[in-house]
Amino acid sequence: MIQAVGLTKRYGEKVAVDHADFSVAAGTVTGFLGPNGAGKSTTMRMILGLDRPTDGTVTVDGKPYRNLPVPLREVGALLDAKAVHGGRTAYNHLACLAKSNGIPLRRVDEVIGLVGLEQVAKKRSKNFSLGMGQRLGIAAALLGDPGTLLFDEPVNGLDPEGILWVRNLMKSLAAQGRTVFVSSHLMSEMALTADRVIVIGRGQIKADTTMREFIAQNATTHVRVRSPHIGKLRQLMSGKGWHTEALPDDEGAVEVFDVTSEAVGDLAGENGLWLHELAVVQPSLEEAFMSMTADSVEYHAGVPGMAPGQVLGQPGLAPGQVEPQAQTKPQTRTEPQAPPPGSGEAQR
Ligand SMILES: Nc1ncnc2c1ncn2[C@@H]1O[C@H](COP(=O)(O)OP(=O)(O)OP(=O)(O)O)[C@@H](O)[C@H]1O
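Residues numbered from 1 in each chain as written. Predicted model: local features only at pLDDT ≥ 70, side-chain atom pairs only at ≥ 80, totals over all residues. Heavy atoms only, no water.

K.L.:
For this particular structure, what's the right way to read the pattern of salt bridges?
P.N.:
When their charged atoms lie close together, side chains carrying opposite charge are able to pair. Within this structure, the stated rule accounts for 10 salt bridges. A salt bridge links Glu74 to Lys63; its shortest N-O distance comes to 3.9 Å. Of the two residues, Glu74 is situated in helix 2 (residues 71–74) and Lys63 in the loop between strand 4 (55–60) and helix 2; the sequence distance between them amounts to 11 residues. Two residues, Arg178 and Asp145, come together in a salt bridge whose shortest N-O distance is 2.8 Å. Residue Arg178 is located in the loop between helix 6 (160–175) and strand 7 (179–183), and its partner Asp145 is located in the loop between helix 5 (130–142) and strand 6 (148–152); the two are separated by 33 residues in the primary sequence. With relative accessibility at 0%, the residue Arg178 sits in the buried group. What you see here is one network of salt bridges that share partners, running through Arg224, Arg226, Asp250 and Glu277. (Salt bridge = Lys/Arg side-chain N within 4 Å of Asp/Glu carboxyl O. Helix = DSSP H or I, 4+ residues; strand = E, 2+ residues; numbered from the N terminus. Buried < 20%, exposed > 50% of the residue type's maximum accessible area, 1.4 Å probe, protein only.)

And the structure:
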């Protein structure tokens, strides 16, 4: 378990992390979300003893990282996949880590197999692709078979197969009773991976809850209705005071807010109007995240000819909403295949 109490980090005038209180429970994957510059990496660095808190504390299983006798056996982390000695082979990089932490060398072979790097284990890591580097970083994090794992953007540079592999790995590590704390900007991926979310904005913890509750509390469900009589139906809905929005690429459908699908269906039926589609649209983690962090975004970008926050093919966002974050472009090259998670991993 990771526990932060009043955790604060200042760099001069800049407050990177501001009295953060949160806990990350064992047996779950907890997503750590926040806009660029929100304080995620700084928080992770303080958990790992790489940055000293200006104020407050953070502990792993009740101890500050610095007090852990053999840290790699208790906490594994992937912060920066490029932070390896490029002149060393993947095997030697892991072997050095293993030796300096009293970990048997057979574990090096195990984790190399687990992340699917057998074919390149004797190659220098400076020639590795981003995805291969991520796999090497994950291997290093797993080396000590630790009970707590921290991953900063672990799917960065991975192809779809690699992303799926990481998702299953995280879930299986949590199912084994480990604490898994993972930051990512890929909202769709986090929605599939994490059970809980901690959201940080401008250094402050904005939410610490389950994924389901976070989405339910920060985004609204709405109804999409398609009809050959959409103009007439829209008039009737507006007459009832319901808020409707046209879909820019679909003249035959509208979205209706704050009403049930039953109410829309009944209204159409009572007026003899055919429906071709009536669907409840569940909000996404991305919508919930952008709604919650709208006022916490430090770096805004624009696209010529588009309103701030507008997505191609979609209407502009409401005032106060922000543009989606840039998403990591998956690689087109195929990374080495990894076996299913847990196959080489000691079960706890
Ligand atoms: N060594 C440093 N010196 C000064 N300011 C820093 C330092 N490290 C981080 N910061 C500032 O602290 C804030 C938080 O940075 P941090 O890297 O933790 O954010 P982040 O949420 O990880 O962002 P990103 O998603 O872009 O990686 C930012 O405004 C950043 O500029």
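Anyway, onward from the coordinates.
K.L.:
Which parts of the structure should I look at to understand the sheet that holds strand 8 (residues 196–201)?
P.N.:
Taking strand neighbours across the sheet as the criterion, the 6 strands line up as 5-6-7-3-8-9 in an open arrangement whose pairing is mixed. Each edge of the sheet is formed by a strand with only one pairing partner; in this case those strands are strand 5 (75–78) and strand 9 (204–210). On average, each strand axis in the sheet is inclined to that of its neighbour by 15°, with strand direction left out of account. In the sheet, strand 6 pairs with strand 7 via 5 bridges, with the strands oriented parallel. Note on strand 7: the bridge partner recorded for Leu150 is Phe181. Where helix 6 meets the sheet, its contacts fall on strand 3 (29–33), strand 6 and strand 7, and the angle it forms with strand 7 comes to roughly 150°. Taken strand by strand, helix 11 (residues 285–293) contacts strand 3, strand 8 and strand 9, and its axis lies near 35° from that of strand 8. (Pairing = 2+ DSSP bridges. Axes fitted to C-alpha atoms, helices over the stretch in contact; angles between N-to-C directions. Contact = heavy atoms within 4.5 Å.)

K.L.:
It is not clear to me how the packing of helix 9 (residues 230–239) against helix 10 (residues 261–270) should be interpreted in this structure. Could you clarify?
P.N.:
The relative placement of two packed helices comes down to the angle between their axes together with the axis-to-axis distance. For the pair helix 9 and helix 10, interaxial distance at closest approach is 11 Å and the crossing angle is 120°. The angle between helix 9 and helix 10 places the two elements in the oblique class. Where helix 9 crosses over helix 10, the handedness of that crossing is right-handed. Judged by residue contacts, Leu233, Leu236 and Met237 of helix 9 engage Val264, Leu267 and Ala268 from helix 10. Partitioned by chemical class, the residues of the contact of helix 9 with helix 10 number 6 nonpolar, no polar and no charged. (Parallel < 35°, antiparallel > 145°, perpendicular 65-115°, else oblique. Left-handed = near helix turned anticlockwise from the far one by under 90°. Nonpolar A, V, L, I, M, F, W, Y, C, P; charged D, E, K, R; others polar.)

K.L.:
Mind showing me how you'd approach the site of the ligand here?
P.N.:
Residues in close proximity to the ligand total 13 residues, the closest being Gly37, Gly39, Lys40, Ser41 and Thr42. Within the backbone of Ala38, one N or O atom sits 3.1 Å away from an oxygen atom of the ligand. For the ligand, an oxygen atom lies 2.8 Å from a polar atom in the side chain of Ser41. Protein coverage of the free-state accessible area of the ligand, which is 630 Å², stands at 62%. Only strand 2 (14–24) and helix 1 (40–47) provide two or more residues apiece to the shell around the ligand. Sorting elements by how many residues they give to the shell around the ligand places helix 1 first, with 3 residues. Residues that form the shell around the ligand fall into these classes: 4 nonpolar, 6 polar and 3 charged. (Near = heavy atom within 4 Å. Polar contact = N/O pair within 3.5 Å; in protein donor to acceptor, adjacent residues only side chain to side chain. Areas by Shrake-Rupley, 256 points an atom, 1.4 Å probe, with all protein chains shown as cover.)

K.L.:
Help me understand unusual backbone geometry, please; the structure alone is not making it clear to me.
P.N.:
Trans peptide bonds make up most of the peptide bonds, and negative phi angles are found at most residues other than glycine. Although it is not a glycine, Asp61 sits at a positive phi angle of roughly 50°. With respect to the helices and strands, Asp61 occurs in the loop between strand 4 and helix 2. The class of Asp61 is partly exposed, set by a relative accessible area of 43%. Positive phi, normally seen in glycine, also occurs at Arg202, with a value near 45°. Mapped onto the fold, Arg202 is located in the loop between strand 8 and strand 9.

K.L.:
So what exactly am I meant to see when it comes to the layout of surface pockets here?
P.N.:
To find leftover empty space, a probe the size of one water molecule is rolled over the atoms. Roughly 420 Å³ of volume is contained in the second largest pocket. Around the second largest pocket sit 19 residues that line it, and Ala77, Leu78, Leu79, Ala83 and Ala140 are the ones nearest its centre. Where the lining of the second largest pocket is concerned, the elements lending two or more residues are strand 5, helix 3 (90–100) and helix 5. (1 Å grid on protein atoms, 1.4 Å probe; cavity = no way out; pocket = protein on both sides within 12 Å on 5 of 7 lines; lining within 4 Å. Points joined across faces, edges and corners; volume = space filled by probe spheres on them.)

K.L.:
Is there a simple way to think about helix 9 in this case?
P.N.:
Think of an α-helix as turning once every 3.6 residues; residues three or four places apart then point the same way. Regarding helix 9, the residues found buried are Ile230, Leu233 and Met237. Buried residues of helix 9 fall within an arc of 65° about the axis and therefore sit on the same side. Exposed residues lying more than 90 degrees from the buried face of helix 9 are Gln235 and Gly239. Buried residues belonging to helix 9 abut strand 10 (222–226), strand 11 (243–247), strand 12 (250–257) and helix 10. Gly241 sits one or two positions beyond helix 9 and adopts a positive phi of about 85°. (Arc of directions from axis to C-beta.)

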